[in-house]
Amino acid sequence: MSVSLLQMYRRHIKAVRKYPSANRKRLERDIKLEWRDNQHLTDPKRIEDAIIYGENGLKELTKYEPVLSEKYKYIMSVSLLQMYRRHIKAVRKYPSANRKRLERDIKLEWRDNQHLTDPKRIEDAIIYGENGLKELTKYEPVLSGKNPNISINFNETGTKAKKGEGES
């Protein structure tokens, strides 16, 4: 009977990883905690109750799957495309001689990832891309003149000197 609980737990984990929700990580954590609480049950009545409870929860997790899975994949892939477009715009403003190489690398990465269908991999690519985008855009306020107290200048030796800081 304990094997049925293990199978139920595994089906829940697989279903929650496909579940189209921002709360997916929390749900997965809750399922793991529930498993830890129930994995050593020996009373047949409590095991049966846990299985019935688990089957009801599994129905809830999978009832939207056929309807939403294609729509969710589409939304995620559009989000991925938008993120790559933001990368291209940001790299064109990035203060580096390596701008062209960075733009080429972003385009190559897009070609590698544009056909992803697994929602988890798409989500991971978006998270990875958002972190990279933060790096690309952290100089924008300085370069756009939005921060009047700091500007980047190069002195005669070619090293960066920040105007407005440390001046008397």
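So, here's what we can say about the structure. (Residues numbered from 1 in each chain as written. Predicted model: local features only at pLDDT ≥ 70, side-chain atom pairs only at ≥ 80, totals over all residues. Heavy atoms only, no water.)

## Some points on the overall build of the protein
Step number 1: Per the secondary structure count, the protein includes seven helices and two strands.
Step number 2: In sequence order, the protein lays out its α and β elements as α-α-α-α-α-α-α-β-β.
Step number 3: Counting across all 168 residues of the protein, residues that qualify as buried make up 26%.
Step number 4: Put simply, 60% of the contacts in the protein that link residues at least 6 apart link residues at least 24 apart.
Step number 5: Summed over its atoms, the accessible surface of the protein is roughly 12300 Å², and 52% of this surface lies on carbon and sulfur atoms. (Helix = DSSP H or I, 4+ residues; strand = E, 2+ residues; numbered from the N terminus. Buried < 20%, exposed > 50% of the residue type's maximum accessible area, 1.4 Å probe, protein only. Contact = heavy atoms within 4.5 Å. Areas by Shrake-Rupley, 256 points an atom, 1.4 Å probe, with all protein chains shown as cover.)

## Overview of the nonpolar core
Step number 1: Counting 15 residues, the largest nonpolar core has L80, Y84, I106, L116, I122 and L136 as the members making the most contacts within it.
Step number 2: Contributions of two or more residues to this core are made by α4 (65–93), α5 (99–113) and α6 (119–137).
Step number 3: Element by element, the count of residues in this core is highest for α4, at six residues.
Step number 4: Apart from the residues lying within four places of it in its own chain, the contact partners of I106 are Y84, H87, I88, V91 and L136.
Step number 5: In terms of nonpolar packing, the next biggest core, distinct from the first, is built from 14 residues, M8, I31, W35 and L61 among them. (Core = buried A, V, L, I, M, F, W, Y, C linked by side-chain atoms within 4.5 Å.)

## Considerations on helix α2 (residues 24–38)
Step number 1: Its 15 residues place the ends of α2 21 Å apart at the C-alpha level, agreeing with the 21 Å of an ideal helix rising 1.5 Å per residue.
Step number 2: Restricting attention to buried positions, one finds in α2 the residues R24, E28, I31, W35 and N38. Relative to the axis of α2, the buried residues are bounded by an arc of 100 degrees and lie together on one face. Looking at α2, the residues exposed on the side facing more than 90 degrees away from the buried face are K25, R36 and D37. (Expected span 1.5 Å × (residues − 1). Arc of directions from axis to C-beta.)

## Section: α5
Note on helix geometry: an α-helix contains 3.6 residues per turn, so any two residues three or four positions apart are oriented the same way.
Step number 1: Over its 15 residues, α5 runs 21 Å from end to end, which matches the ideal 21 Å to within 8%, given 1.5 Å per residue.
Step number 2: When we look at burial in α5, the residues that qualify are E103, I106, W110 and N113. Seen end-on, α5 carries its buried residues on one side only, within an arc spanning 95 degrees. Opposite the buried face of α5, at more than 90 degrees from it, the exposed residues are K100, R111 and D112.

## Regarding the packing of aromatic side chains
Step number 1: Summed over all chains, the structure comprises two aromatic pairs.
Step number 2: When the centroid spacing of 5.1 Å and the interplanar angle of 25 degrees are considered together, the rings of Y9 and W35 count as stacked. Note that Y9 is positioned in helix α1 (residues 2–18) and W35 in helix α2, a separation of 26 residues in sequence. (Phe/Tyr/Trp six-rings, centres within 6.5 Å; stacked < 30°, edge-to-face > 60°.)

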